[in-house]
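One letter stands for each residue in the lines below.
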Amino acid sequence: MIHFHPLKPSTVRRSLFLPFLLLAAATATAQPLTIDKVEPPNWWAGMNWNDIQLMVYGEDLAGATARFTDPRLRVTATHTLEHPGYLFVDVTIPDDLPAGTYTLEVIRGDETATMAYPIEARQPMEGRYQGFDNTDVVYLLTPDRFANGDPSNDDPAGVETDFDRSDPNMRHGGDLQGMIDRLDYLADLGVTAVWPNPVLHNDPPLSYHGYKAVDLYQIDPRFGTNDDYRRFVQEAHDRDIKVIFDHINNHIGVTHPWIDAMPRASWFNGTKDDHLGSSHYKLAPVDPYADPESAEQLRTFWFVPEMPDLNQRDPFVATYLTQNMLWWIETTGLDGIREDTYPYPDQDFLADWAEAILDEYPDFNIVGEIWEYEPSYLALFQTESYLPRDFETNLPSVMDFPLSLALRNYLTGDGRLSAVYTLLAQDFIYTDPDNLFTFIDNHDMPRGIFIAEGDTDRLKQATAILLTTRGIPQILYGNEINMMGDESHVELRADFPGGWPGDERDAFTEAGRTAEENDIFNFTRALLNARLEHPALTEGELVQWPSNAWGPDVYRYLRHTDDETVAVLVNGNDEPMALTLSGMEPYLAGCPVLTDLLTGTTHDPADGEIDVPAGGVAVALCAR
């Protein structure tokens with residue numbers, strides 16, 4: 001197996017360069033000089049990132065130089081690579097450069113090719129790039145399976161067909177217009193942020209999920225256009241809903257044009273025909289005893305042959321990926337990023353990437369997917385970690401897989417509520433527990449109601465904990481109507497009933513839902529709207545008590561501010577229990593009545609206890 005080490009060419013790598021060098025020599029006089037496209041396709045004056053690197057695609061670019069006809073746009077360097085189809089151009093953009101269209105010239109000998117290059121005016125910051133935090137509830141959806149608002153793009157011309165709604169592995173037609181059409185539904189539910197799975201152009205097979213991009217600057221035409229995505233973000237913002245971009249630095253799709261025309265031999269970790277397989281060790285970046293080979297394998301392995309692993313240690317790759325993300329943020333005004341497979345790319349690159357984004361957009365937030373269940377491992381990746389490590393991540397938020405595991409074990413009957421208490425008691429390990437991204441399930445794991453074998457009461461308890469404890473809660477689309485799904489990814493990512501013209505029923509409406517679906521919908525909506533109305537549930541200090549005499553399936557805690565307290569009492573036992581308010585008295589002082597935010601039932605705090613049914617939960621507000 002060959003390992004590539006950028007900027008240290010070996011004999012093996014020089015042999016890999018040879019085909020590109022021969023191709024350059026063979027075509028030096030055979031093709032006219034042309035520019036096909038430039039990435040990023042535009043930039044802005046007044047950005048902190050004002051030294052940009054243009055990736056020029058064309059014909060016979062070997063040996064070319066570049067300039068702008070307007071000398072205010074200063075070209076500081078040009079870089080010709082092993083493949084003659086690319087030229088990299090370093091450009092400095094003055095802060096005071098007027099918005100307009102400027103002319104890029106690429107020159108080789110007596111030939112000149114030109115392309116118009118827009119420099120745009122920046123949009124006002126207000127209402128854009130807002131970030132997300134523990135006052136939000138994030139709604140995760142798979143665009144292809146949520147709603148089809150524009151059937152005309154189900155099978156667009158010029159794109160390889162993979163549309164077949166009868167096949168769970170194929171495209172089903174959900175799109176950006178469908179998401180826009182359902183924003184009012186999400187606002188009514190109480191959602192304040194939406195995280196769609198990736199929306200960039202993907203190719204078959206299994207392209208519906210979005211994690212195999214073949215064009216990093218284009219929305220998938222089966223979802224819509226770049227303008228549709230801008231409109232989606234604006235429509236969401238108009239409803240006070242933030243947008244989180246699902247992003248992947250680690251890999252792309254195998255049909256990306258780079259595969260057959262690699263810009264540099266170090267562009268990928270390996271090649272389509274010769275790369276490391278999926279065996280890897282996720283603890284390697286932080287394991288103080290990790291052997292170097294394990295760390296290298298984590299950086300360079302390919303999940304599957306259809307997902308080529310990008311080499312972020314190549315400086316051109318690193319700059320391309322950073323500029324690409326800045327471009328999407330500035331173009332659309334989105335509010336945050338969920339970064340896929342965070343431990344796998346080069347960590348030095350990721351730290352620089354995050355720093356560049358947060359320098360440009362100080363209110364932004366980035367959450368990293370780090371699929372491990374040890375809090376200490378996750379804490380090492382959160383910025384300014386208390387734990388010893390030899391790198392700084394600059395990563396504000398991490399996905400709280402340990403809490404997910406505790407809640408899921410409770411749903412299956414393999415775990416107790418006391419595990420949630422024990423887990424949260426370890427929050428001292430995190431620099432910012434409120435900035436943990438919490439969830440029961442997501443697009444990669446069987447749904448909570450499925451693993452609970454249909455036990456809605458248990459699911460309600462887990463949902464209540466998720467939405468009333470610390471962190472930034474995320475719910476998976478369809479959980480609010482108990483969509484069941486199955487074990488596999490494609491089956492858990494089922495179509496939302498009513499999202500397609502001609503569906504037998506519309507579960508986006510009360511009339512289209514069953515009684516059971518309306519029950520869980522109303523429960524979820526009540527909790528989400530309680531979060532919107534009562535700051536104690538989002539900003540309040542968390543205080544919890546061990547179960548002690550009440551058994552391992554009783555969990556008591558509260559959230560409080562100066563103005564209000566919300567007590568949460570969870571009874572995981574098979575019989576009703578009078579759960580004590582003992583220990584909560586200082587936080588309930590001056591409280592005339594406790595009102596259950598789910599049922600409207602009132603309780604006298606002087607009674608010192610609240611009756612909670614078997615498998616039930618009380619969320620009791622004390623407002624002063």
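Description of the structure in this document. Predicted model, so just to flag it, every value in this text is computed and none were measured.

## Some thoughts on the overall build of the protein
Then step 1. Each helix and strand in the protein was counted, giving 18 helices and 26 strands.
Then step 2. Its C-alpha atoms give the protein a radius of gyration of 27 Å, within 12% of the compact-globule value 25 Å for 624 residues.
Then step 3. Among the 624 residues that make up the protein, the fraction classed as buried is 59%.
Then step 4. Relative to all contacts within the protein whose residues are 6 or more apart in sequence, the contacts with residues 24 or more apart total 73%.
Then step 5. When the accessible area of the protein is evaluated, it comes to approximately 23,600 Å², of which 50% is carbon and sulfur surface.
Then step 6. Side chains of the protein carry 41 positive and 102 negative charges; the gap between the two charge centres is 3 Å.

## Remarks on unusual backbone geometry
Then step 1. A cis amide bond links Glu39 with the next residue in sequence, Pro40, at an omega value of -5 degrees.
Then step 2. Examined against the element boundaries, Pro40 turns out to sit in the loop between β1 (34-39) and β2 (43-44).
Then step 3. In the Ramachandran plot, Asp60 falls in the positive-phi region, its phi being about 55 degrees despite a non-glycine side chain.
Then step 4. Looking at the secondary structure, you find Asp60 in the loop between β3 (51-59) and β4 (65-68).
Then step 5. Here Glu453, not a glycine, exhibits a phi torsion of approximately 55 degrees, which is positive.
Then step 6. Relative to the assigned elements, Glu453 resides in the loop between α13 (448-451) and α14 (456-468).

## Focus: the sheet that holds strand β26 (residues 616-623)
Then step 1. Across the sheet, which stays open at both edges, the 6 strands sit in the order β19-β20-β21-β26-β23-β24 with antiparallel pairing between neighbours. For this open sheet the edge positions go to β19 (541-545) and β24 (602-603), each flanked by a neighbour on one side alone.
Then step 2. In the sheet, β19 pairs with strand β20 (residues 554-560) via 5 bridges, with the strands oriented antiparallel. The residue bridging Gln544 from the neighbouring strand is Tyr557, located in β20.
Then step 3. Across the sheet, α14 touches β20, β21 (564-571) and β26, and the angle it forms with β20 is around 30 degrees.

## Structural notes on the sheet that holds β4
In any sheet, the strands associate via hydrogen bonds between backbone groups, in a parallel or an antiparallel arrangement.
Then step 1. Here 4 strands make up an open sheet; going across it, the order is β2-β8-β7-β4 and the pairing mixed. Of all the strands in the sheet, the pair left with one neighbour each is β2 and β4.
Then step 2. Note: β2 against strand β8 (residues 111-120), 2 bridges, orientation parallel. Paired with Trp44 across the strands is Glu120, a residue of β8.

## With respect to the pairing of strand β13 (residues 242-247)
When a strand is regular, its side chains alternate between the sheet's two faces.
Then step 1. The buried fraction of β13 amounts to 6 of the 6 residues, a majority that puts the element mostly inside the structure.
Then step 2. Judged by which residues are buried, β13 turns out to be covered on both faces: Lys242, Ile244 and Asp246 on one side and Val243, Phe245 and His247 on the other are all buried.
Then step 3. In the sheet, strand β10 (residues 193-196) pairs with β13 via 2 bridges, with the strands oriented parallel. When the sheet's bridge partners are listed, Val194 is paired in β13 with Val243.

## Topic: the nonpolar core
Then step 1. The biggest cluster of nonpolar side chains holds 159 residues, and the ones touching the most others in it are Tyr139, Tyr229 and Trp258.
Then step 2. Counting residues per element, this core draws most heavily on helix α8 (residues 315-332), which supplies 10 residues.
Then step 3. Grouped together as the second largest cluster of nonpolar side chains are 18 residues, Ala567, Leu579, Leu581 and Val612 included.

## As for the side chain of Arg338
Then step 1. Residue placement: Arg338 occurs in strand β14 (residues 336-339).
Then step 2. Here the side chain of Arg338 touches Tyr211 through a polar contact of 3.5 Å, side chain to side chain.
Then step 3. A polar contact is formed between the side chain of Arg338 and the side chain of Asp246, at a distance of 2.9 Å.
Then step 4. Residue contacts for Arg338: discarding those within four places in its chain leaves Trp195, Tyr211, Ile244, Phe245, Asp246, His247, Val367, Glu369, Met399 and His443.

## Examining the pattern of salt bridges
Then step 1. In total, this model carries 35 salt bridges according to the counting rule given.
Then step 2. Measuring nitrogen to oxygen at the nearest pair gives 2.4 Å for the salt bridge that ties Arg230 to Asp227. One end of the pair, Arg230, and the other, Asp227, are both in helix α5 (residues 226-238), 3 residues apart, so they sit about a helical turn from each other.
Then step 3. A residue is classified by how much of its surface remains accessible, and Arg230, at 29% relative accessible area, is partly exposed.
Then step 4. Asp227 gets classed as exposed once you look at its relative accessible area, which sits at 51%.
Then step 5. Three or more residues joined by partner-sharing salt bridges are found here, namely Asp162, Arg171, Asp220 and Arg222.

Basis of the calculations
Residues numbered from 1 in each chain as written. Predicted model: local features only at pLDDT ≥ 70, side-chain atom pairs only at ≥ 80, totals over all residues. Heavy atoms only, no water. Helix = DSSP H or I, 4+ residues; strand = E, 2+ residues; numbered from the N terminus. Rg over C-alpha atoms; globule rule 2.2 N^0.38 Å. Buried < 20%, exposed > 50% of the residue type's maximum accessible area, 1.4 Å probe, protein only. Contact = heavy atoms within 4.5 Å. Areas by Shrake-Rupley, 256 points an atom, 1.4 Å probe, with all protein chains shown as cover. Lys, Arg positive; Asp, Glu negative; His and termini not counted. Charge placed at Lys NZ, Arg CZ, Asp CG, Glu CD. Pairing = 2+ DSSP bridges. Axes fitted to C-alpha atoms, helices over the stretch in contact; angles between N-to-C directions. Core = buried A, V, L, I, M, F, W, Y, C linked by side-chain atoms within 4.5 Å. Polar contact = N/O pair within 3.5 Å; in protein donor to acceptor, adjacent residues only side chain to side chain. Salt bridge = Lys/Arg side-chain N within 4 Å of Asp/Glu carboxyl O.

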